[in-house]
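Observations on chain architecture
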Amino acid sequence: MEPINIVNSVITPLDRKNVDTDQIISKEFLKRIERTGFGQYLFYHWRYDAQGNEVTDFVLNKPEFKASKILVAQDNFGCGSSREHAPWAILDYGFNVVIAPSFADIFHNNCFKNGILPIKLTEAECDNILAKGLAKPYTMEVNLAEQTVTGEDGTVYQFSIDPYYKETLLNGWDEIALTFKYEDHIAAYEAKRIAY
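What counts, and at which threshold
Residues numbered from 1 in each chain as written. Predicted model: local features only at pLDDT ≥ 70, side-chain atom pairs only at ≥ 80, totals over all residues. Heavy atoms only, no water. UniProt positions renumbered as here; feature names shortened; annotations may be inferred. Helix = DSSP H or I, 4+ residues; strand = E, 2+ residues; numbered from the N terminus. Buried < 20%, exposed > 50% of the residue type's maximum accessible area, 1.4 Å probe, protein only. Areas by Shrake-Rupley, 256 points an atom, 1.4 Å probe, with all protein chains shown as cover. Lys, Arg positive; Asp, Glu negative; His and termini not counted. Charge placed at Lys NZ, Arg CZ, Asp CG, Glu CD. 1 Å grid on protein atoms, 1.4 Å probe; cavity = no way out; pocket = protein on both sides within 12 Å on 5 of 7 lines; lining within 4 Å. Points joined across faces, edges and corners; volume = space filled by probe spheres on them. Nonpolar A, V, L, I, M, F, W, Y, C, P; charged D, E, K, R; others polar. Contact = heavy atoms within 4.5 Å. Polar contact = N/O pair within 3.5 Å; in protein donor to acceptor, adjacent residues only side chain to side chain. Core = buried A, V, L, I, M, F, W, Y, C linked by side-chain atoms within 4.5 Å. Salt bridge = Lys/Arg side-chain N within 4 Å of Asp/Glu carboxyl O.

An unreviewed UniProt entry lists the protein chain under the name 3-isopropylmalate dehydratase small subunit, with Lysinibacillus fusiformis given as the organism. What UniProt states about the protein chain under its Pathway (unreviewed entry) heading is, verbatim, "Amino-acid biosynthesis; L-leucine biosynthesis; L-leucine from 3-methyl-2-oxobutanoate: step 2/4." Note on the protein chain: under the UniProt heading Sequence similarities (unreviewed entry), the record states "Belongs to the LeuD family. LeuD type 1 subfamily."

Helices and strands together make up the secondary structure of the protein chain, namely eight helices and seven strands. For the protein chain, the spread of C-alpha atoms along the three principal axes comes to 70 × 40 × 25 Å. For the protein chain, the residues scored as buried account for 44% of the 196 residues in total. As presented, the protein chain carries roughly 10300 Å² of accessible surface, and 50% of it is formed by carbon and sulfur atoms. In the protein chain, which carries 19 positive and 28 negative side-chain charges, the distance between the mean positions of the two groups comes to 3 Å.

Right, let's get into the layout of surface pockets. A water-sized probe, rolled over the atoms, reveals where empty space remains. Its boundaries defined by the atoms lining it, the largest pocket holds a volume of some 230 Å³. Along the walls of the largest pocket sit 13 residues, with Met1, Arg35, Leu91, Asn114 and Gly115 positioned nearest its centre. Among the elements that make up the lining of the largest pocket, the one with the highest residue count is helix 3 (residues 85-93) (four residues). Class assignment of the residues belonging to the lining of the largest pocket gives a composition of four nonpolar, four polar and five charged.

Here Asp22 is to be found in helix 1 (residues 21-24). A sequence separation of 21 residues divides Asp22 from Met1, and the C-alpha atoms of the two residues are 24 Å apart. The residues touching Asp22, leaving out its near neighbours within four places in the chain, are Lys27 and Arg83. At 3.0 Å, the side chain of Asp22 forms a polar contact with the side chain of Arg83.

This part is about the nonpolar core. Ranked by internal contacts, the top residues of the largest apolar core, which has 30 residues, are Leu14, Ile24, Leu42, Phe43, Phe77, Ile90 and Phe107. Elements with a minimum of two residues in this core: helix 3, strand 3 (97-100) and helix 4 (105-113). Counting residues per element, this core draws most heavily on helix 3, which supplies five residues. If near-sequence neighbours (up to four positions away) are discounted, Leu14 is found in contact with Val19, Phe43, Trp46, Phe58, Val59, Leu71, Val72, Ala73, Gln74, Phe77 and Leu130. Counting residues in hydrophobic clusters, the runner-up holds 24 residues, among them Val97, Phe112, Leu130 and Val142.

A full pass over the atoms with the stated rule returns five salt bridges. For Glu123, the salt bridge is made with Lys17, and the minimal N-O distance between the two is 3.7 Å. In this pair, Glu123 sits in helix 5 (residues 123-135) while Lys17 sits in the loop between strand 1 (6-13) and helix 1, placing the two residues 106 residues apart along the sequence. We classify Glu123 as partly exposed; its relative accessible area is 38%. A salt bridge links Asp153 to Lys132, with the shortest nitrogen-to-oxygen separation between them at 2.7 Å. Of the two residues, Asp153 is situated in the loop between strand 6 (148-151) and strand 7 (156-158) and Lys132 in helix 5; the sequence distance between them amounts to 21 residues. Classification of Asp153 by relative accessible area gives partly exposed; the value is 44%.

Listed under "domain: Aconitase A/isopropylmalate dehydratase small subunit swivel" (unreviewed entry) in the UniProt record, and renumbered for this structure, are residues 5-123. For the annotated span residues 5-123, helix accounts for 23% and strand for 16% of the residues, and the straight-line distance between the end C-alpha atoms is 24 Å.

If you want it as structure tokens, here you go:
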């Protein structure tokens, strides 16, 4: 995984509640065997009409949000099925950070395991950020080390994060990389077992 510390970007304001994993990545796109290539299908049925044309008023199709790395949404983001393809699609599209008042537990954990920082802010804070982002392109800086989100107008929001997940994201460690941290211990154990 790529390490995350400071992410500075225009936000993408997705002013919707209860965004489920089937809306994030619809079931018909789950046939790929690799983790990449899902970004093109992110929010597919919201981004495109039945003929495959872009829905021009959907937020991801607006040019000012094309390079955004921070997605801001409403309550209960990532609910529904436990498909890991949902964070794969979000990351492959280009988002490193998702901000919402709450997340479905499995989706929340899958974000950390795949190198995405999910940030929980209060509903009022998210409403405030969304209002600013919908009024005009609004840039924010996420600082994982300091656990802050700072708006271009100087507004600062604090967030909490489990120290374990903070360390893994700051260092870009997935579960396999964490295992390699103990490579010397594993080798010593195996050498001792061979001796017997």
